[in-house]
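# Notes for the structure review
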There are 2 protein chains.
Amino acid sequence: MSVSLIPLTGIPEVGAGDDLVALLLGAADAADIALEDGDVVVVSSKVVSKSLGLWADSADRGAAVMSQTVRVVAERMSQGRITRIVQSTAGPVMAAAGVDASNTGHRDDVLLLPANPDAEAEHLRVALLAATGLQRLGVVLSDTAGRPWRSGQTDFALGASGVLVVDDLRGAVDADGRPLSVTARAVGDELAAAADLVKGKADAIPAALVRGTGWALPHGGAGARVLLRTGREDWFDHGSSEAVRAALGVEPGSLEAEEVGIPDVGPTPRADRLRRAVAVALRGTPQVGMDVGGDEVHLSGQSAYQLGVAVTRLQVALWGEGLTTEAPDEVDGVEVRLEVRER
Amino acid sequence: MSVSLIPLTGIPEVGAGDDLVALLLGAADAADIALEDGDVVVVSSKVVSKSLGLWADSADRGAAVMSQTVRVVAERMSQGRITRIVQSTAGPVMAAAGVDASNTGHRDDVLLLPANPDAEAEHLRVALLAATGLQRLGVVLSDTAGRPWRSGQTDFALGASGVLVVDDLRGAVDADGRPLSVTARAVGDELAAAADLVKGKADAIPAALVRGTGWALPHGGAGARVLLRTGREDWFDHGSSEAVRAALGVEPGSLEAEEVGIPDVGPTPRADRLRRAVAVALRGTPQVGMDVGGDEVHLSGQSAYQLGVAVTRLQVALWGEGLTTEAPDEVDGVEVRLEVRER
């Protein structure tokens, strides 16, 4: 059976306290669209945040981001500003915790994500059912994010209510009786991505209907929170560079990380990467001297033990900067020169 | 304007050498669906692989996966088998390089991805245009994969032809004249995800039409390869554990990694994690002794330098296993006991 993606156009700029349900249904009416049982209403989280008045002063965007951050996953410098990928208080791992400076209608403010996206989706769904007298509607709060390994950004389900966000096929078998390779379809994210094809971003269309996916509207239905993969199941809780820096005691997001220097987004001269690696290595061995000359580092410790620690910390830190060095198996005395090269 | 997602049902099991265009158009005819200019035809890569006869013996699935692997990003043990997330020869980073044992119609074989998905999409598009006499069609080869930080799997664009796979809005500004926060929409992936809402996985519907996204069909149009983020731009080229192991000289996918032991998918007793960390640490300091007793490790080297190297390697390796230890700043002699605890 076919599925229709129907944009809800003509929704005016949303302000704090505005009645989203009235705006959504008004836009539908104006376009002669009547909501039907089984429809999924996909709404950009941005208009929900606006209706909740979730503004913060853009003068201190960094502070706004950190206030929405549970933990920093990765960070890079770009034009003198730090871009952080973080686990947001709203739930998902996103750049800048989803704090949005664009298209907010407030030139001097940034917009924060709803603290509990699933609860907002639930409120919207209950209000839509009440206003329409319908029995079954789904609501997805969509937001936009980049992905590791893939260019560009896609919409995903930040919040959901009344929707089968994960279609768990575990235990199901294929036509040959073999377990399905896909065990759980992230339907919530696919609904959000589909709706983005008609909502777009440049055009101000903050909502769309997905019609024809009634199978995705169970009674009840989990929130989008079940789409979050955290803890042991998350194999990527640190970026590659951040993992080795953290293993050496320099956690991303810490003051220490800024002091030793945060890797750049763009290509970086080897001298800068080497300087950062030395700074990270020295964190654990302040008593050791590390003098850099070109691609050579001269290490001198107060003891052979400290030298072994420093050489190894530098070797690990260099990896995080795409560099490497041959460390000697044994050292005579408390000094050594290491030749650094690209990994 | 609305968008329609139209499943192409009734496509029979595809075999090597079958004419996919005939099968797709036959299914459309049977359902009274006529392709139109501006349609995007989304086809599961699986049926393309079947038509190309890309089978491999499932007896050695591991070898099949490695033959499709450019580099290993992360790996975990699960029920005695290694699950690897790798950069595939087909392009994307995927579990098991996209090698598929389910729903292949050959009980004893596994199915490989097309070597050049964009070229296959281009062949399909050219043949569809010739067979239909239409002027503008897009083709997306879809496949399914999990994502870091998100549960479940979604469809994405493995290959594409005639489609605007990335809608680059860089430089565009919003209504307030501010740069858009979304700079590049991954339209190719959103088309694949949308089509999955009607293709599904359990039901054998390998293709669907996306109708109403004519704006996404530029003349020419890049392949899905532009959706791949690699090299310096990829902040997640190793899993967190794999990054620290690689920094200590134990690359994922190497025989060495199997010898020291690969982390498990599920929860693992501390003793096992500690044993692996010790094995990784010893790789660099074979002359050092590391005796484990409970949560304590007794290290004894032939020299203070070696001890410093070993203590630091162990400290870094422990981080990769979610463990930590306090290392002394200085050691008297060539022995030390370290207390290990959860990180």
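Residues numbered from 1 in each chain as written. Chains lettered and ligands numbered in written order. Predicted model: local features only at pLDDT ≥ 70, side-chain atom pairs only at ≥ 80, totals over all residues. Heavy atoms only, no water.

Going by an unreviewed UniProt entry, chain A carries the name Coenzyme F420-0:L-glutamate ligase/coenzyme F420-1:gamma-L-glutamate ligase and comes from Pedococcus badiiscoriae.

### Observations regarding the overall build of chain A
What counts, and what does not: The secondary structure listing takes helices from DSSP runs of H or I that are at least 4 residues long and strands from runs of E that are at least 2 residues long, numbered from the N terminus. Whether two residues touch is decided by their heavy atoms; if any such pair falls within 4.5 Å, the residues are in contact. In these tables, accessible area is a Shrake-Rupley quantity obtained with a 1.4 Å probe, and a residue counts as shielded only by the protein chains included in the view. In this tally Asp and Glu are treated as negative and Lys and Arg as positive; neither His nor the chain ends contributes. Note on charges: their place is set at NZ of Lys, CZ of Arg, CG of Asp or CD of Glu.
Within chain A one finds 9 helices and 16 strands. Taking the principal axes of its C-alpha atoms as reference, chain A extends roughly 85 × 60 × 25 Å. Taking as baseline every contact in chain A between residues at least 6 positions apart, the subset at least 24 positions apart corresponds to 63%. A total of about 12900 Å² of accessible surface is found on chain A, and carbon and sulfur atoms cover 50% of it. When the 31 positive and 48 negative side-chain charges of chain A are each reduced to one mean point, those points stand 2 Å apart.

### Examining helix H6 (residues 240-247) of chain B
Note the cut-off: Using a 1.4 Å probe on the protein chains alone, a residue whose accessible area is under 20% of its type maximum counts as buried, one over 50% counts as exposed, and one in between counts as partly exposed.
Counting buried positions over the 8 residues of H6(B) gives 8, a clear majority of the element. Residues of H6(B) that are buried sit in contact with helix H6 (240-247) and helix H9 (304-320) of chain A together with strand S4 (69-78), helix H7 (255-260), helix H8 (270-282) and helix H9 (304-319) of chain B. The positive-phi residue at the C-terminal boundary of H6(B) is B:Gly249, with phi of around 95°.

### Regarding the nonpolar core
To keep things clear, this is the line we draw: Nonpolar cores are built from buried Ala, Val, Leu, Ile, Met, Phe, Trp, Tyr and Cys residues. Side-chain atoms within 4.5 Å join them into one set.
Core analysis: the largest hydrophobic core is formed by 64 residues, its most contacted members being A:Met290, A:Leu299, A:Leu314, B:Met290, B:Leu299 and B:Leu314. In contact with A:Met290, other than residues within four places in its own chain, are A:Val278, A:Ala281, A:Leu282, A:Thr285, A:Val297, A:His298, A:Leu299, A:Ala310 and A:Leu314. A:Val187, A:Ala194, B:Val42 and B:Val210 belong to the second-largest nonpolar core, a separate cluster that totals 50 residues.

### What about the interface of chain A and chain B?
Often, the extent of an interface is quoted as the loss of accessible area upon association of its parts. Going by this rule: By buried area we mean how much accessible surface two parts lose on assembly, using a 1.4 Å probe and totalling the loss over both. Whenever Lys or Arg places a side-chain nitrogen within 4 Å of a carboxyl oxygen from Asp or Glu, that contact is recorded as a salt bridge. Any pair of N or O atoms that falls within 3.5 Å is considered a polar contact. Within protein, one atom must be able to donate a hydrogen and the other to accept it, and sequence-neighbouring residues count only if both atoms are side-chain atoms.
Opposite the 102 residues of chain A that make contact, chain B presents 102 residues. Across the interface of chain A and chain B, roughly 9000 Å² is buried in total on both sides, 55% from carbon and sulfur atoms. Summed over the three residues of chain A that lose the most area to chain B, namely A:Trp149, A:Trp235 and A:Tyr305, the buried surface amounts to 12% of that side. Linking chain A to chain B there are 6 salt bridges. Along the contact surface separating chain A from chain B lie 38 residue pairs in polar contact (both at pLDDT 80 or more). Ranked by residue count, the leading element in the side of chain A that touches chain B is H9(A), at 11 residues.

### Observations concerning the packing of H6(A) against H9(A)
In a packed pair of helices, the relevant descriptors are the angle between the two axes and the axis-to-axis distance. Residue and element names in this part refer to chain A. Test applied: For helices, the fitted axis covers only the stretch in contact; all axes are lines through C-alpha atoms, and the angles between them, taken along N-to-C directions, range from 0 to 180 degrees. Any angle from 65 to 115 degrees is called roughly perpendicular, while one under 35 is roughly parallel, one over 145 is roughly antiparallel, and all others are oblique. It is the rotation of the near helix from the far one that decides the hand of a crossing: anticlockwise by less than a right angle makes it left-handed, clockwise makes it right-handed. Residue polarity is assigned by list, with Asp, Glu, Lys and Arg as charged and Ala, Val, Leu, Ile, Met, Phe, Trp, Tyr, Cys and Pro as nonpolar; anything else, Gly included, falls into the polar class.
Where H6 meets H9, the axes come as close as 8 Å, and the angle between the chain directions of the two elements is 160°. One finds that H6 runs roughly antiparallel with respect to H9. When the axes of H6 and H9 are compared, the crossing they make is left-handed. Within the contact between the two elements, H6 uses Ser 240, Ser 241 and Val 244 and H9 uses Val 316, Trp 319 and Gly 320. Among the residues forming the contact of H6 with H9, the class breakdown is 3 nonpolar, 3 polar and no charged.

### Considerations on the domain arrangement of chain A
Definition in use: Boundaries between domains were set according to an automatic or database domain assignment.
The assigned domain composition of chain A is domain 1 (4-54 + 114-233) and domain 2 (240-342). The distance between the C-alpha centroids of domain 1 of chain A and domain 2 of chain A comes to 47 Å.

### Looking at the packing of aromatic side chains
Residue and element names in this part refer to chain A. Quick reminder of the rule: Ring pairs are drawn from Phe, Tyr and Trp, using the six-membered ring of Trp, whenever the two centres fall within 6.5 Å, and their geometry is named by plane angle: stacked under 30 degrees, edge-to-face over 60, tilted for the rest.
Tallying each qualifying case throughout the model produces 2 aromatic pairs over all chains. Note on Trp 149 and Phe 236: the rings are 5.1 Å apart at their centroids and 80° apart in plane angle, and the pair reads as edge-to-face. Placement of the pair is Trp 149 in the loop between strand S8 (138-147) and strand S9 (150-161) and Phe 236 in the loop between strand S12 (207-211) and H6, with a sequence separation of 87 residues. Each member of the pair, Trp 149 as well as Phe 236, carries the same accessibility label: buried.

### Focus on the pairing of S12(A)
Residue and element names in this part refer to chain A. For clarity, the threshold we go by: Following DSSP output, two strands are said to pair if at least two bridges run between them.
Burial within S12 is extensive, with 5 of its 5 residues counted as buried. Here S12 shows two buried faces, one formed by Ala 207, Leu 209 and Arg 211 and the other by Ala 208 and Val 210. Bridge count between strand S1 (residues 3-8) and S12: 5 bridges; the pairing is antiparallel. Considered in S12, the bridge of Leu 8 is made with Ala 207. Across 4 bridges, the pairing between strand S2 (residues 40-44) and S12 is antiparallel. Across the sheet, Val 42 pairs through a bridge with Ala 208, a residue of S12.

### With respect to the pattern of salt bridges
By the definition in use, this model includes 50 salt bridges over all chains. When the shortest N-O distance is used, the salt bridge between B:Arg211 and B:Glu36 registers 3.3 Å. With B:Arg211 in strand S12 (residues 207-211) and B:Glu36 in the loop between helix H1 (20-30) and strand S2 (40-44), the pair connects residues that are 175 residues apart, well separated along the chain. The shortest N-O distance in the salt bridge between B:Arg125 and B:Glu122 comes to 3.4 Å. Residue B:Arg125 and its partner B:Glu122 are both found in helix H4 (residues 117-132); the two are separated by 3 residues, about one turn of the helix. Of the residues examined, B:Arg125 reaches a relative accessible area of 16% and is grouped as buried. Members of the salt-bridge network, linked through shared partners, are A:Asp167, A:Arg185, A:Glu190 and B:Asp196.

### Some remarks on the relation of the copies chain A and chain B
The line we're drawing: When the copies are superposed, the least-squares fit draws on C-alpha atoms of residues that have pLDDT of at least 70 in both.
Superposition record for chain A on chain B: RMSD 0.0 Å, screw rotation 180°, translation along axis 0.0 Å. Each copy turns onto its partner about a two-fold axis.

### As for the sheet that holds strand S6 (residues 93-95) of chain A
Residues and elements named next belong to chain A. Strand order across the open sheet formed by 3 strands is S4-S5-S6, with antiparallel pairing between neighbours. On the outer flanks of this sheet lie strand S4 (69-78) and S6, each paired with one strand and no other. Recorded for the sheet is a direction-independent mean angle of 20° between the axes of neighbouring strands. Relative to S6, strand S5 (residues 81-88) is paired through 3 bridges, and the arrangement is antiparallel. Within the sheet, the bridge partner assigned to Gln 87 lies in S6 and is Val 93.

### Comments concerning the packing of helix H8 (residues 270-282) of chain A against H9(A)
Residues and elements named next belong to chain A. Following both chains from N to C, one finds H8 and H9 inclined at 135°, their axes separated by 8 Å at the closest point. The angle between the axes of H8 and H9 places the two elements in the oblique class. Every pair of crossing elements has a handedness; the one defined by H8 and H9 is right-handed. Along its contact with H8, which presents Leu 274, Ala 277, Val 278, Val 280 and Ala 281, the element H9 presents Arg 313, Leu 314, Ala 317 and Leu 318. For the contact of H8 with H9, a count of residues per class yields 8 nonpolar, no polar and 1 charged.

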